[in-house]
Amino acid sequence: MITKYINVRLIDADTDIKGVLATDGSTIIYAGSEDNCPHFDEYNTVDCKGNILMPSFIDLHCHLRDPGYPQKETIETGMRAALKGGYTTLCAMANTMPVCSTVDVIQANLDKAKSLDLCRLIQAGAAGEGLKDENQS
């Protein structure tokens, strides 16, 4: 079923217009002015009352602190907070315990994030052993 979002402000890197967004549930099939919107035989209408629709944000530097410091933040609490603010992709820093400096620790975080199915996680890895500037052997 088509859902047509009307009376919406559409904003992206190139656009800032009052218009219409139509989806088939998983895919945007139209975004633009009301005048150019194609006709749909059957659709649900959602009045956005002038609210803004825009692409989600990417946080290129966050501290999820998982594993090791759950009292500060976990992957789940960080992702839930991110979603509330419009972020759907997070790049987590490596300062965890153990430090995200091995494939096993990084993969464990990626697997945990995938199982939560909240946000996309890009897990940064430390280049040296621990958080030192020295190379691993």
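Just above sits the structure.
The following paragraphs examine the structure supplied in this document. (Residues numbered from 1 in each chain as written. Predicted model: local features only at pLDDT ≥ 70, side-chain atom pairs only at ≥ 80, totals over all residues. Heavy atoms only, no water.)

What about the pattern of salt bridges?
Two side chains with opposite charge may pair up if their charged atoms get near one another. Keep this limit in mind: Any Lys or Arg side-chain nitrogen located within 4 Å of an Asp or Glu carboxyl oxygen qualifies as a salt bridge. Each residue gets one of three labels from its accessible area relative to the maximum for its type: buried under 20%, exposed over 50%, partly exposed in between, using a 1.4 Å probe on protein chains only. Here a strand is any run of E in DSSP of at least two residues, a helix any run of H or I of at least four, and the numbering for each starts at the N terminus.
Within the structure shown, the criterion is met by three salt bridges. Close ionic contact of Arg 9 with Asp 16 constitutes a salt bridge, the shortest N to O distance being 2.8 Å. Note on Arg 9: relative accessible area 35%, which makes it partly exposed. Using a relative accessible area of 47% as the deciding quantity, one classes Asp 16 as partly exposed. Residues Arg 80 and Glu 76 are paired through a salt bridge, measuring 3.1 Å at the closest nitrogen-oxygen approach. Of this pair, Arg 80 and Glu 76 both sit in helix 1 (residues 75–84), separated by four residues, roughly a single helical turn.

Remarks on helix 2 (residues 103–116)
Under the convention used in this document: By this rule the span expected of a helix is its residue count minus one, scaled by 1.5 Å. The arc in question is formed by the directions pointing from the helix axis toward the C-beta atoms.
With 14 residues, helix 2 extends 20 Å from end C-alpha to end C-alpha; this agrees with the ideal 20 Å at 1.5 Å per step. Burial in helix 2 covers these residues: Val 105, Ile 106, Asn 109 and Ala 113. The arc enclosing the buried residues of helix 2, seen along the axis, measures out at 100°, which places them on a common side. Away from the buried face of helix 2 by more than 90 degrees, exposed residues Val 103, Asp 104, Lys 114 and Ser 115 are located. Residue Asp 117 follows helix 2 closely and has a positive phi angle near 55°.

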